[in-house]
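These are the residues of each chain, in order.
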Amino acid sequence: MNITNNENMEDEFFRYKRPDIVLNYEGHGKNTKTIILNLLELANSLSRPSTEIMKYFSYEFGTQTKQNTLKGMFSKTDMNNILHKYIQEYIICSLCSLPSTSYKIKKSKIKIICSACGNESSKLPSEHKIINYIQKNKISNKIVM
Ligand SMILES: [Zn+2]
């Protein structure tokens with residue numbers, strides 16, 4: 001699917017595709033776990049560390065995560081909604097709407113730099129706990145499983 005979720009956007013080179021999230025469930029009742037089977041593929045397509053994406057899910061759902069597993073049972077719709085929010089706020093350039101961005105961390109501020117149009121945006125939702133996490137883990141583009 002198109003990363004921007006905007007099917008009208010032309011993407012003739014298919015650069016902005018991400019795989020559909022593939023989930024599996026383990027356990028029963030309170031012990032149910034949600035597993036993202038294609039986390040690494042997903043993280044690669046978004047050019048963000050898998051650890052950051054999992055941390056975002058963890059904060060949004062208020063649950064614990066370990067590697068590609070979330071404690072609790074979360075539907076694909078819920079997962080996609082959170083992922084979409086993350087992509088909109090942390091990946092899509094606010095000026096040109098392309099997902100060609102990376103973080104620039106300077107002291108306590110994080111900016112999103114767009115390699116497509118050169119825009120520097122500091123419009124991140126700074127009250128979100130993920131900001132602290134990103135600052136602590138200045139591993140911006142390193143993919144960790
Ligand atoms: Zn841009």
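Here's what I pulled together on the structure shown here. (Residues numbered from 1 in each chain as written. Predicted model: local features only at pLDDT ≥ 70, side-chain atom pairs only at ≥ 80, totals over all residues.)

As a further point, take the overall build of the chain. Along the chain, the regular secondary structure elements total four helices and seven strands. For the chain, buried positions account for 23% of its 145 residues. Sequence separation of 24 or more characterises 47% of the internal contacts of the chain that already satisfy a separation of 6 or more. (Helix = DSSP H or I, 4+ residues; strand = E, 2+ residues; numbered from the N terminus. Buried ≥ 20, exposed ≤ 12 C-beta atoms within 10 Å, placed from the backbone. Contact = placed C-beta atoms within 7 Å.)

Glancing now at the nonpolar core. Leu-42, Ala-43, Ile-53, Tyr-56, Phe-57 and Tyr-86 are the most contacted members of the largest nonpolar core, which has 19 residues in total. Among the secondary structure elements, those contributing two or more residues to this core are helix 1 (39–46), helix 2 (50–61), helix 3 (76–90) and helix 4 (129–136). Listed in part, the five residues of the second largest apolar core include Ile-92, Cys-93, Leu-98 and Ile-112. (Core = buried A, V, L, I, M, F, W, Y, C linked by C-beta atoms within 7 Å.)

Read from one edge to the other, the open sheet built from four strands follows the order 1-2-4-3, with strand pairing classed as antiparallel. Since the sheet does not close on itself, it has two edges, and those belong to strand 1 (23–26) and strand 3 (65–66), each with one partner. (Pairing = 2+ DSSP bridges.)

On to helix 2, then. Compared with the 16 Å implied by 1.5 Å per residue over 12 residues, the 17 Å span of helix 2 between its first and last C-alpha is a close match. Turning to helix 2, its buried residues are Ser-50, Glu-52, Ile-53, Met-54, Tyr-56 and Phe-57. Residues of helix 2 that are buried sit in contact with helix 1, strand 3, strand 4 (69–71), helix 3 and helix 4. Note on helix 2: the residue one or two positions beyond its end, Gly-62, has a positive phi of about 65°. (Expected span 1.5 Å × (residues − 1).)

This part covers the sheet that holds strand 7 (residues 120–121). Strand pairing in a sheet relies on backbone hydrogen bonds, with the paired strands running either antiparallel or parallel. In spatial order, the strands read 5-6-7; together these three strands make up an open sheet with antiparallel pairing. Sheet topology places strand 5 (101–106) and strand 7 at the edges, where each strand pairs with a single neighbour.

Peptide bonds are, in most cases, trans, and in most cases residues other than glycine have a negative phi. The backbone of Gln-67 shows a phi angle near 50°, a positive value even though the residue is not glycine. Tracing the chain through its elements places Gln-67 in the loop between strand 3 and strand 4. Despite not being glycine, Ser-97 shows a phi value in the positive range, around 65°. Checked against the element boundaries, Ser-97 lands in the loop between helix 3 and strand 5.

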